[in-house]
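Observations on the model geometry
Next come the chains, spelled out residue by residue.
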Amino acid sequence: MRKFQRFLSIPVLGVFLLMGFVYYVTVFVFIEDWVGLRSSAGALNALIFSFLASLCIFSFSVCVVTDPGYVPSSYVPDVEDSGISGQEPTKNGAAMRHCDKCSAYKPPRTHHCRVCRRCILRMVMIIIFAFQKNSDYYSGRIYMKVFLIACGAMMVALSITLGTLLCWHIYLMTHNMTTIEYYEGVRAAWLARKSGQSYRHPFDHGVYKNISLVLGPNMLKWLCPTEINHLKDGISFPTLRDSS
């Protein structure tokens, strides 16, 4: 029951309102005005878009009710394997990552979340944009055109924003890194160039293997957000050193 209370938060409700707005404008405004919902082309477009919208709502709902996880209380860092990432500060030849807020050691790729108030395994920075717009409906052909142009402008702006985020996360997935690791990698690469060395993300195994590590080895299940059997404990990850 506590999981479903998360749907009552303002950011989550804002996202659902945004999804509802996009669905209404796409199906009942654009498709209806261009080809008509009663035509075969309109019905087909509405069916395809409804299927994609249902996948989006289902994926977001799973994300809301799924707990982000936590670091096991029994976790103890392996001194020999803790220095796998050049992004992390080292001490005595090993990266002894310690969280001062949790007063515990952090596994590789783990960061403290201020919202969850605990360390999250393989934490990803999540930014939620909530958009709400109230509009009045005017009768008449001219006002309908104005309404269509306004909706179209908002849809274009939204498509550009979400498309940019989609391309950004595809880039991160193909390199097997999180947003935090990307910025840490930029700094690590700068330090490496400054010392005359080269740097490569320690968890980058190539495009296809990176995608398989994130979405799973079965391509038929890549669109299913509940397919997590390929994920392990979230503490240890294969590195370039393991495959060499």
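To keep things clear, this report deals only with the structure shown in the data block. Chains are numbered independently. Their residues run from 1 in the order of the written sequence. The predicted origin of the model limits local features to residues at a pLDDT of at least 70 and limits the giving and counting of side-chain atom pairs to 80 or more, whereas totals for whole chains, interfaces and linings rest on all residues. Here the side-chain values reflect all heavy atoms present in the structure, with hydrogen atoms and water set aside.

**Topic: the side chain of D204**
By secondary structure assignment, the location of D204 is in the loop between α4 (179-194) and α5 (207-215). Buried and unpaired, D204 has R200 as its nearest opposite-charge partner, separated by 4.2 Å. The contact criterion used throughout is that any non-hydrogen atoms of two residues lie within 4.5 Å. Excluding anything up to four places from it in sequence, D204 contacts T174, H175, N210 and L240. A run of H or I in DSSP counts as a helix once it spans at least four residues, and a run of E counts as a strand once it spans at least two, with each numbered from the N terminus. Each residue is assigned to one of three classes by its accessible area relative to the maximum for its type, calculated with a 1.4 Å probe on protein chains only: buried under 20%, partly exposed between the two thresholds, exposed over 50%. This count recognises Lys and Arg as positive and Asp and Glu as negative, with His and chain-terminal groups excluded. A pairing counts as a salt bridge when a side-chain nitrogen of Lys or Arg comes within 4 Å of a carboxyl oxygen of Asp or Glu.

**Describing the pattern of salt bridges**
Tallying each qualifying case throughout the model produces one salt bridge. Between R109 and E181 there is a salt bridge, with the nearest N and O atoms lying 2.6 Å from each other. Linking R109 in the loop between β2 (104-105) and β3 (111-113) with E181 in helix α4, this pair joins segments that are 72 residues apart in sequence. Using a relative accessible area of 3% as the deciding quantity, one classes E181 as buried.

**What to know about the packing of aromatic side chains**
Centres within 6.5 Å are what make two rings of Phe, Tyr or Trp a pair, Trp counting through its six-membered ring; a difference in plane orientation under 30 degrees is then read as stacked, over 60 as edge-to-face, and the rest as tilted. Summed over the entire model, instances satisfying the criterion amount to 11 aromatic pairs. When the ring of F30 is compared with that of W34, the centres are 5.2 Å apart and the planes differ by 35°; the resulting orientation is tilted. Of this pair, F30 and W34 both sit in helix α1 (residues 10-34), separated by four residues, roughly a single helical turn. Here the aromatic residues Y23, Y24, F28 and F49 are joined through ring pairs into a cluster of three or more. Its guanidinium or amino end placed over the ring of F203, R109 lies 4.2 Å from that ring's centre, counting from NZ or CZ. We call a charge positioned above a ring when the Lys NZ or Arg CZ atom is no farther than 6 Å from the ring centre and deviates by at most 35 degrees from the ring normal.

**Some remarks on the packing of α1 against helix α2 (residues 40-65)**
It is the contact of α1 with α2, at a shortest axis distance of 10 Å, that shows an interaxial angle of 175°. In terms of orientation, α1 and α2 fall into the roughly antiparallel class. Across from V12, V15, F16, M19, V22, Y23, T26, V27 and I31 in α1, the residues of α2 making contact are G42, N45, A46, F49, S50, A53, C56, I57, F60, S61 and V64. Here, axes are lines fitted to C-alpha atoms. For helices the fit covers the stretch in contact, and angles between N-to-C directions go from 0 to 180 degrees. Here the word oblique covers every angle except those under 35 degrees (roughly parallel), over 145 (roughly antiparallel) and from 65 to 115 (roughly perpendicular).

**Overview of the environment of L47**
Structurally, L47 can be placed in helix α2. Distance from L47 to V27, taken between C-alpha atoms, is 9.4 Å for residues 20 residues apart in sequence.

**Examining unusual backbone geometry**
Of note, S103 is a non-glycine position whose phi angle comes to about 55°, a positive value. With respect to the helices and strands, S103 occurs in the loop between β1 (98-99) and β2. In this structure, N176 is a non-glycine residue whose phi angle is positive, near 55°. Assignment of secondary structure puts N176 in the loop between α3 (141-174) and α4.

**Side note on α2**
A helix's residues, less one, multiplied by 1.5 Å, set its expected span. Its 26 residues give α2 an end-to-end C-alpha distance of 37 Å, which sits within 8% of 38 Å, the value for a rise of 1.5 Å per residue. Buried-residue contacts for α2 involve α1.

**Observations concerning the side chain of S61**
Checked against the element boundaries, S61 lands in helix α2. Residues within four places of S61 in sequence aside, it is in contact with F7 and F16.

**Quick notes on the nonpolar core**
The biggest cluster of nonpolar side chains holds nine residues, and these are L18, V22, V25, V29, F30, L148, C151, M155 and L158. Those elements that place two or more of their residues in this core are α1 and α3. At five residues, α1 tops the list of elements feeding residues into this core. By convention a nonpolar core is built from buried Ala, Val, Leu, Ile, Met, Phe, Trp, Tyr and Cys residues, the set being connected through side-chain atoms within 4.5 Å.

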